[in-house]
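Results of the structural survey
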Amino acid sequence: MMAAGPTPAGSPGGSTVVAGPAPGGRASSIPLLGRGHEPTVFEFSSEGRRAWSFRTTGLPEWEAADVVPAEWLREEPVGLAEVSERDLVGHVTRLTHRQYSVDLGAYPLGSCTMKYNPKLCDTAASLPGFTAAHPATPAPLVQGWLELLWSLTDTLCRVTGMAAATLQPPAGAAGELTGLLLMRAYHASRGEVRHKVIIPDSAHGTNPASVTLGGFRTVTVPSDARGLVDVAALRQRLDEDVAGIMLTNPNTLGLFEENIAEVAAAVHDAGGLLYYDGANFNAILGVTRPGDMGFDIVHLNLHKTFAVPHGGGGPGAGPVAVSPRLADFLPGPLPTRLPDGSFGWESPPRSIGRVHSWYGNALALARAWSYILANGADGLRRVAEGAVLNANWLRGRLRGVYDLPYDRPVMHELVASTAGLKKATGLRALDVAKRLLEEGFHAPTVYFPLIVEEALMIEPTETESPQTLAALADALIAIAGDPPGEAAHAPRSTPVGRVDEARAARTLLPTWDAVAAHQAAAQARGAPS
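Structural notes, computed from the coordinates.

Scoring rules and cut-offs
Counting starts from 1 at the beginning of each chain's written sequence and moves along it residue by residue. At least 70 in pLDDT is required for a residue's local features to be given in this predicted model, at least 80 for side-chain atom pairs to be given and counted, and no such filter applies to totals for whole chains, interfaces and linings, which use all residues. Just so you know, side-chain values use all the structure's heavy atoms and leave hydrogens and water out. Working definition: helices are DSSP H or I runs of at least four residues, strands are E runs of at least two. Numbering for both runs from the N terminus. The size measure is the radius of gyration over C-alpha atoms, and the globule rule it meets is 2.2 Å times the number of residues to the 0.38 power. A simple rule labels every residue: compare its accessible area, found with a 1.4 Å probe on the protein chains alone, to the largest value its type can have, and call it buried under 20%, exposed over 50%, or partly exposed in between. Every residue pair with non-hydrogen atoms within 4.5 Å of one another is taken to be in contact. Exposure was quantified through the Shrake-Rupley algorithm and a 1.4 Å probe, taking into account, for residues, occlusion by the shown protein chains and nothing else. Positive residues here are Lys and Arg, negative ones are Asp and Glu, while His and the chain termini are left out of the count. Just so you know, the charge point we use is NZ for Lys, CZ for Arg, CG for Asp and CD for Glu. Here a helix's expected span is defined as the number of its residues, less one, multiplied by 1.5 Å. Any N or O atom pair separated by 3.5 Å or less is treated as a polar contact, with the protein-specific requirement of one donor-capable and one acceptor-capable atom, and with residues adjacent in sequence counted only for side-chain atom pairs. Strands qualify as paired when DSSP identifies two bridges or more between them. Grid points spaced at 1 Å and placed over the protein atoms alone form the basis of the search, with a cavity being a set where a 1.4 Å probe fits but cannot get out and a pocket an open set showing protein on both sides within 12 Å along at least five of seven lines. Lining residues have an atom within 4 Å of a point. Grid points are joined across faces, edges and corners, and a volume is the space filled by probe spheres set on the points. As a working rule, the residues Ala, Val, Leu, Ile, Met, Phe, Trp, Tyr, Cys and Pro are called nonpolar, Asp, Glu, Lys and Arg charged, and the rest polar, with Gly in that last group. By convention a nonpolar core is built from buried Ala, Val, Leu, Ile, Met, Phe, Trp, Tyr and Cys residues, the set being connected through side-chain atoms within 4.5 Å. Helix axes are fitted only over the stretch in contact, all axes being lines through C-alpha atoms; the angle between N-to-C directions runs from 0 to 180 degrees. Here the word oblique covers every angle except those under 35 degrees (roughly parallel), over 145 (roughly antiparallel) and from 65 to 115 (roughly perpendicular). Rotating anticlockwise by less than a right angle from the far helix to the near helix defines a left-handed crossing, while the corresponding clockwise rotation defines a right-handed one.

1. Some words on the overall build of the protein
What the protein contains, in helices and strands, is 16 helices and 12 strands. Taken over C-alpha atoms, the radius of gyration comes to 26 Å for the protein, in line with the 24 Å a tight globule of 529 residues would show. Principal-axis analysis of the C-alpha atoms places the extent of the protein at approximately 70 × 65 × 50 Å. Among the 529 residues that make up the protein, the fraction classed as buried is 47%. Look at the contacts in the protein between residues 6 or more apart in sequence, and 71% of them connect residues 24 or more apart. As displayed, the protein has an accessible area near 25,200 Å², and 57% of this comes from carbon and sulfur atoms. Looking at charge distribution, the protein has the averaged site of its 43 positive side-chain charges lying 3 Å from that of its 53 negative ones.

Shown next, in the form of structure tokens:
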């Protein structure tokens, strides 16, 4: 972890020359051979080719019809590509070289906490004692695993201020659904059926989706002029049909909900529960706790805050921690310490049941535990302090160049806007994002939160150096000063240039055969494909 230092010399709107170390998070030197089209794996296919084969196995061969009932046999073979190992490895390797990653450079994707993941954690999770254990192994034979899971659960309860937790949910969205199912079970145990869950207008998009999937109806509460939950509007929406509220604190504007105690009291007075979306927990880790704010349910993204690699579909981990009155409803079984000091499993008396097979993504949990041990309590607090310092340093560098709709101290991320630049020069948030790729940085989140016009949500995280932050700021400032229309053509140095995103959304071609059919139809009518 490294926090930003003092502002380098130079005016906020000018370029900055940083003496000393080069910016390690700038990836503009990635070697590429060109921007040629990479065929799909099906286009490499040649009948009869195989990626590998055994010379002999010494086993007899069977026809599928000899061992599979006729009603389960396909009439036609599965349409799989037939590709040699050499072509397949080359194809996949070329695709990986066309991707940006946290290991290549800075990844300031707002609200995603794409920080560098220490390789120490990968090494620890790769120990044979972890990787060679089958999940069905009896508890007496995996005491090390159970101790790890119990210790991680205990620590997560300590840092969130909760009483009990489950590590089963395999992702943040799964954690959200688990929390809402717990909310529903709690109200049902009291003989109540509540239908509404309140979310702010700045909430993450997964929140309303999880509310619907959990069987509730979303009620939106607006933000006030300062970007916080409008408490007066919240009170107007609270009634006996409200099951609870889902909040992120700090919120997606990077602002701490200063009235959280008042919000908690209002929701509790109405008989509702407070759900904490842990997507932005990196900003308060070791400094304050959701439990102390009044929250009843907390989900965490171990693949954000605790350096478990994420992106590309996972695997992640989304543990859920709860206050004492909800502990009996947690998914089971849970790791427990037995009276003799050994470890075993137990299920809460009113458990909602499993939310994932076995006990979640166990190796992701091992990575998170190794990260916690490596940092210690003081180091975890420095994570939050570094993240907040870096975001505020960057906010200061961008002031006067980009609009800052809520220009006051932020937590882990800042939201800038190109609304003024769009009026002056036509520069849009999307143009900045694409143009930033040419400078060797991943794009920030754009057009979110929805309450900010032409939003750029930037989260530098605590793992980027002062040199990288300065280079990122310089790049953003330079882009704002580009000649009008210049950024509209970006990116020009990446394997794939600017795509027509609106057309892609309206003409969905998710598979190779759908693309081929679309191209054939276009050629038949003489239109460009």
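The discussion continues.
2. Observations concerning helix α5 (residues 143–160)
When the terminal C-alpha atoms of α5 are compared, their 26 Å separation across 18 residues agrees well with the 26 Å that a helix rising 1.5 Å per residue should span. Those residues of α5 that sit buried are W145, L146, L148, L149, S151, L152, T153, T155, L156, C157, V159 and T160. Looking one or two residues past α5, G161 carries a phi angle of roughly 80 degrees, positive in sign.

3. Notes on the side chain of T252
For T252, the position within the fold is in the loop between β4 (242–247) and α9 (260–269). Its relative accessible area of 1% is what places T252 among the buried residues. A distance of 2.5 Å separates the side chain of T252 from the backbone oxygen of S202, its partner in a polar contact.

4. What about the sheet that holds strand β10 (residues 414–417)?
Pairing in this open sheet of three strands is antiparallel, and the strands run β10-β12-β11 from one edge to the other. Whereas interior strands pair on both sides, the edge strands pair on one side only; in this sheet they are β10 and β11 (445–446). Pairing geometry for β10 and strand β12 (residues 455–458), over four bridges, is antiparallel. Bridged to A416 within β12 is L456.

5. Details of the layout of surface pockets
Taken as a whole, the largest pocket holds about 730 Å³ of empty space. Lining the largest pocket are 22 residues, and of these H37, V499, L509, V515 and Q519 sit closest to its centre. It is helix α16 (residues 512–524) that provides the largest number of residues to the lining of the largest pocket, a total of five residues. Taken together, the residues of the lining of the largest pocket sort by class into eight nonpolar, eight polar and six charged. A volume near 630 Å³ is recorded for the second largest pocket. Along the wall of the second largest pocket there are 24 residues; nearest its centre are R98, Y100, L437, T494 and P495. Every element with two or more residues in the lining of the second largest pocket is listed here: α2 (85–97) and α13 (429–438).

6. Here we look at the nonpolar core
Formed by 80 residues in total, the largest nonpolar core has its most connected members in L234, V263, L302, F306 and V322. In terms of residues, this core owes the most to one element, helix α11 (residues 362–398), which gives 10 residues. Ignoring sequence-local partners within four residues, the contact set of F306 consists of L156, F281, L285, L300, N301, R367, A368, Y371, I372 and L380. The next biggest cluster of nonpolar side chains, apart from the first, holds 39 residues, and it includes A106, L228, L253 and A470.

7. Observations regarding empty space enclosed by the protein
This structure, assessed with the given rule, holds three cavities of 30 Å³ or more. Size it by volume and the largest cavity reaches roughly 60 Å³. Of the residues that constitute the lining of the largest cavity, the class distribution is seven nonpolar, no polar and one charged. Volume-wise, the second largest cavity comes out at about 40 Å³. Contributing to the lining of the second largest cavity are P200, S202, A203, N207, M246, L247, T248, N251 and T252. For the lining of the second largest cavity, a count of residues per class yields four nonpolar, five polar and no charged.

8. As for the sheet that holds strand β5 (residues 273–278)
Taken together, the seven strands give an open sheet; going across it, the order is β1-β7-β6-β5-β4-β2-β3, and neighbouring strands pair in mixed fashion. Since the sheet does not close on itself, it has two edges, and those belong to β1 (164–166) and β3 (217–221), each with one partner. Taken pair by pair, the neighbouring strands of this sheet meet at an average axis angle of 25 degrees, ignoring direction. Where strand β6 (residues 297–300) lies against strand β7 (residues 320–322), three bridges are found, and the strand directions are antiparallel. From the neighbouring strand, V298 faces β7, where its bridge partner is A321. Contacts from helix α6 (residues 172–189) reach β2 (196–200), β4, β5, β6 and β7 within the one sheet, and its direction differs from that of β5 by about 170 degrees. Helix α7 (residues 206–213) rests against β2, β3, β4 and β5 of the sheet, and its axis sits at about 175 degrees to β2.

9. As for the environment of G485
Note on placement: G485 falls in the loop between α14 (466–480) and α15 (501–506). Each C-alpha atom of the pair G485 and D431 lies 9.1 Å from the other, and the pair is 54 residues apart in sequence.

10. Brief notes about the side chain of T494
For T494, the location among the structural elements is in the loop between α14 and α15. Its relative accessible area of 16% is what places T494 among the buried residues. A polar contact of 2.6 Å, which involves the side chain of T494, links it to the backbone oxygen of V496. When residues no more than four places from it in sequence are discounted, the contact partners of T494 are R35 and L437.

11. Side note on the packing of α6 against α7
Interhelical geometry of α6 versus α7 gives an angle of 45 degrees and a closest axis separation of 9 Å. Taken together, the axes of α6 and α7 lie oblique to each other. The way α6 lies across α7 gives a crossing that is right-handed. From α6, A173, E176, L177 and L180 reach across to α7, where they touch T206, N207, S210, V211 and L213.

By themselves, these are just geometric observations and shouldn't be taken as functional.
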